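Topology and contacts: notes
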Amino acid sequence: MAYAIFGHHPLTRIHVDSMTMSQYLGRGVVSRGRMTMTPSLTTEVSLTPYLHNDFDKEAVIIGIKNIQAALANVPNLTWIQPAPNVTVEDFVNKVSQPTME
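Residues numbered from 1 in each chain as written. Predicted model: local features only at pLDDT ≥ 70, side-chain atom pairs only at ≥ 80, totals over all residues. Heavy atoms only, no water.

Right, let's talk about the environment of V92 for a bit. Mapped onto the elements, V92 comes out in helix α2 (residues 88-93). When the C-alpha atoms of V92 and K57 are compared, they prove to be 6.8 Å apart, with 35 residues separating the residues in sequence. The contact partners of V92, leaving out residues within four places of it in the chain, are L51, K57, V60, I61 and I64. (Helix = DSSP H or I, 4+ residues; strand = E, 2+ residues; numbered from the N terminus. Contact = heavy atoms within 4.5 Å.)

Here it is in structure tokens:
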């Protein structure tokens, strides 16, 4: 799960056009993905390894909210995803999940 921010870094005084933050779940994750081989002998992710149950979704929701809270006082910071008018819950629940064919 990745989300992005825009802004100006106050310590280095470097203008940052964008920054992507990724969240990785480890302990307690029960969702598993699947990689399959195509007829042309390439591989593809046929089932993503995340957000298959409510516990994994809740962990991601809490993580995003924690990051938002930690960065709430950073001046000139704009969240791109999730957008300001979208709740974290709606953002996470709308992540598309490919299905096995």
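Right, let's get into the pattern of salt bridges. If you walk through the whole model with that rule in mind, you get 1 salt bridge. Residues K65 and E89 are paired through a salt bridge, measuring 2.5 Å at the closest nitrogen-oxygen approach. With K65 in helix α1 (residues 54-70) and E89 in helix α2, this pair connects stretches of sequence that are 24 residues apart. (Salt bridge = Lys/Arg side-chain N within 4 Å of Asp/Glu carboxyl O.)

Before going further, it helps to spend a moment on unusual backbone geometry. Across residues other than glycine, the phi torsion is negative in most instances, and most of the peptide bonds are trans. With an omega of -10 degrees, the peptide bond between Q81 and P82 qualifies as cis. Mapped onto the elements, P82 comes out in the loop between β5 (78-81) and α2. Its identity is not glycine, yet L41 carries a phi of approximately 65 degrees, on the positive side. With respect to the helices and strands, L41 occurs in the loop between β3 (34-37) and β4 (43-47).

By secondary structure assignment, the location of T87 is in the loop between β5 and α2. When its relative accessible area of 39% is taken as the criterion, T87 is described as partly exposed. A distance of 3.0 Å separates the side chain of T87 from the backbone nitrogen of D90, its partner in a polar contact. (Buried < 20%, exposed > 50% of the residue type's maximum accessible area, 1.4 Å probe, protein only. Polar contact = N/O pair within 3.5 Å; in protein donor to acceptor, adjacent residues only side chain to side chain.)

Once that is clear, we can look at the nonpolar core. Residues L51, V60, I61, I64, V88, F91 and V92 constitute the largest nonpolar core, which totals 7 residues. Elements represented by at least two residues in this core include exactly α1 and α2. (Core = buried A, V, L, I, M, F, W, Y, C linked by side-chain atoms within 4.5 Å.)

All right, on to the pairing of β3 then. Sheet analysis places β3 next to β4, joined by 4 bridges and oriented antiparallel. When the sheet's bridge partners are listed, T36 is paired in β4 with E44. Connecting β3 to the next strand, β4, in antiparallel fashion are 5 residues, including L41 with a positive phi near 65 degrees. (Pairing = 2+ DSSP bridges.)

We now examine the confidence of the model for the protein. Here the protein averages 75 in pLDDT, while 67% of its residues score no lower than 70. Low confidence marks residues 1-9, where pLDDT is under 50. Its contacts with residues over four positions away, or in another chain, come to 52 contacts. (pLDDT = per-residue confidence, 0-100.)

Here Y50 lies in the loop between β4 and α1. The spatial distance from the C-alpha of Y50 to the C-alpha of R32 is 6.7 Å, given a sequence separation of 18 residues.

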